[in-house]
Amino acid sequence: MKAVRYVQAGRPPEIVDLPTPTPGPGQVLLRVAGAGVCHSDLHVLDHPMFPHAFTLGHENAGHIAALGEGVAGWKEGDAVAVYGPWGCGHCHACQGSAENYCEQHASLPVMGGGLGADGGMAEYMIVPSPRLLVPLGKLDPVQAAPLSDAALTPYHAIKAALPWLRPGADVVVIGIGGLGHMAVQLLKALTPARLIACDIDEAKLAHARALGADHTVNTRDAKQAAEALRALVGARGADVALDFVGAQPTVDLCARIVGRASRIAVVGLGGGTLHYAANQPPYGCEVSVPYWGSRTELMEVIALAEAGRIHAEVEAFPLEQAVDVYQRLREGRIQGRAVLMP
Ligand code: NAD
Ligand code: ZN
Ligand code: ZN
């Protein structure tokens, strides 16, 4: 089978031929229908995070192709999403379904399929345990693949911010790409807050408006953007800022535009540092660095999609175009989420 492989930091991914894997005891073989192309893969490709080669793709959905010995409760052909952050499965966090915060993460050899272990940018993928599968119901796996990260990650961040997102509140969303375009829809589905979307690309801002953002601000010029945002939110400041970029200009912007007793969630891994001084960010502000989401939250995201309340805007490509698709993502030329179809 064809697979898109991480080989070495600083080099583009390679498409190679691999034998089709067979599931061992307790494992499940997935026939991949769609593998989302996440910006985190660009961080993986650029920085020496992993010492060995592996198949990329950590945002996966498809159909069960075979069950390993001892796996019950599923059958061949079932449509499933793969829960991405693979924890130890036994600690307090994992037992509570929050494998994204596994207590053993530092000693685990891989972070998940497509993040150290072989992922979904191949015709088949081994899922190490059926506990990592969530049924898709009637959803099309190609359209549903981004739910497992591009939707789950903002859902987790927004759920924790719900106490701030009351009627009359202002929420600022920075970066309307794969995660951000889902965040806009999730905020509209879950909260009455007024939503201000920010990006450096006018097409992404138009996309945010089409998805229901109340206002948009271009943040290419950080000083002008801070002034435009301040004019919108007034002296009170924003109640919540969700940063899906995480670069220095965007974390600085978050700290400048939130008010007292607010919340900042930095989701993007753009390498920025949030500086602290007295009353900066303002007093009472809570800062969080959420990572992915829990297994039960993935079930909730899928339920929202099944109810028609959210949908990923998918640009689908054949697996063979992976190298070009990563380049397009790097250049900001993907609207919504790119999904590779093996
Ligand atoms: P993406 O490339 O699809 O979207 C990024 C968006 O940010 C684009 O629309 C781009 O125009 C915009 N942008 C870039 N620089 C900007 C700036 N200075 N100001 C405003 N907008 C700007 O990326 P994605 O797949 O949505 O991922 C977003 C970030 O989230 C990445 O850093 C990724 O690694 C990270 N991520 C984190 C988690 C987590 O659990 N913490 C999970 C998934 C992804
Ligand atoms: Zn990701
Ligand atoms: Zn664990």
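Residues numbered from 1 in each chain as written. Chains lettered and ligands numbered in written order. Predicted model: local features only at pLDDT ≥ 70, side-chain atom pairs only at ≥ 80, totals over all residues. Heavy atoms only, no water.

Draft legend 1. How the structure looks around the overall build of the protein. Helices and strands together make up the secondary structure of the protein, namely ten helices and 18 strands. Dimensions of the protein, computed from the C-alpha atoms along their principal axes, are close to 60 × 40 × 40 Å. At a minimum sequence separation of 6, the contacts of the protein that also span at least 24 residues come to 68%. As presented, the protein carries roughly 14,000 Å² of accessible surface, and 55% of it is formed by carbon and sulfur atoms. Taking the average place of the 26 positive charges on the side chains of the protein and the average place of its 33 negative ones, the gap between the two points comes to 6 Å. (Helix = DSSP H or I, 4+ residues; strand = E, 2+ residues; numbered from the N terminus. Contact = heavy atoms within 4.5 Å. Areas by Shrake-Rupley, 256 points an atom, 1.4 Å probe, with all protein chains shown as cover. Lys, Arg positive; Asp, Glu negative; His and termini not counted. Charge placed at Lys NZ, Arg CZ, Asp CG, Glu CD.)

Draft legend 2. Structural context of the sheet that holds strand β15 (residues 258-266). Spatial ordering of the open sheet is given by β13-β12-β11-β14-β15-β16, a layout of six strands whose pairing is parallel. In this open sheet, the two edge strands, each paired with only one partner strand, are β13 (215-218) and β16 (286-288). Geometrically, the sheet is characterised by an average inter-axis angle of 15° between neighbouring strands, direction not taken into account. (Pairing = 2+ DSSP bridges. Axes fitted to C-alpha atoms, helices over the stretch in contact; angles between N-to-C directions.)

Draft legend 3. Region of interest: the side chain of K204. Here K204 is to be found in helix α6 (residues 202-210). Notably, K204 is buried but unbridged: the nearest opposite-charge side chain belongs to D201, and the N-O separation is 4.2 Å. The contact partners of K204, leaving out residues within four places of it in the chain, are I176, D199, G332, I334 and Q335. (Buried < 20%, exposed > 50% of the residue type's maximum accessible area, 1.4 Å probe, protein only. Salt bridge = Lys/Arg side-chain N within 4 Å of Asp/Glu carboxyl O.)

Draft legend 4. Molecular detail of the pattern of salt bridges. What the rule picks out here adds up to 17 salt bridges. Between E14 and R11 there is a salt bridge, with its nearest N and O atoms 2.6 Å apart. Given the relative accessible area of 29%, E14 is considered partly exposed. The partly exposed category is assigned to R11, whose relative accessible area is 38%. We note a salt bridge from R337 to E59, for which the minimum N-O separation is 2.8 Å. Of this pair, R337 sits in strand β18 (residues 337-341) while E59 sits in the loop between β4 (54-55) and β5 (60-67); the two residues are 278 residues apart in sequence, bridging distant segments of the chain. Take R337 and E59: they sit in the same class, and that class is buried. Among the charged side chains, a network of salt bridges with common partners joins E99, R131 and R295.

Draft legend 5. Structural detail: the coordination of the zinc ion (ligand 2). Around the zinc ion (ligand 2), the donor atoms from the protein are C38 (SG), H58 (NE2) and D149 (OD), and they sit 1.8 to 2.3 Å away. On the primary sequence, the residues serving as donors to the zinc ion (ligand 2) are separated as C-x19-H-x90-D. You can see H58 sitting in the loop between β4 and β5 and its partner D149 sitting in the loop between α3 (141-144) and α4 (152-161), a full 91 residues away along the chain. Taken individually, H58 and D149 each receive the classification buried, so the pair is uniform in this respect. (Donors = N, O, S within 2.8 Å, 3.2 Å for Na, K, Ca; no water.)

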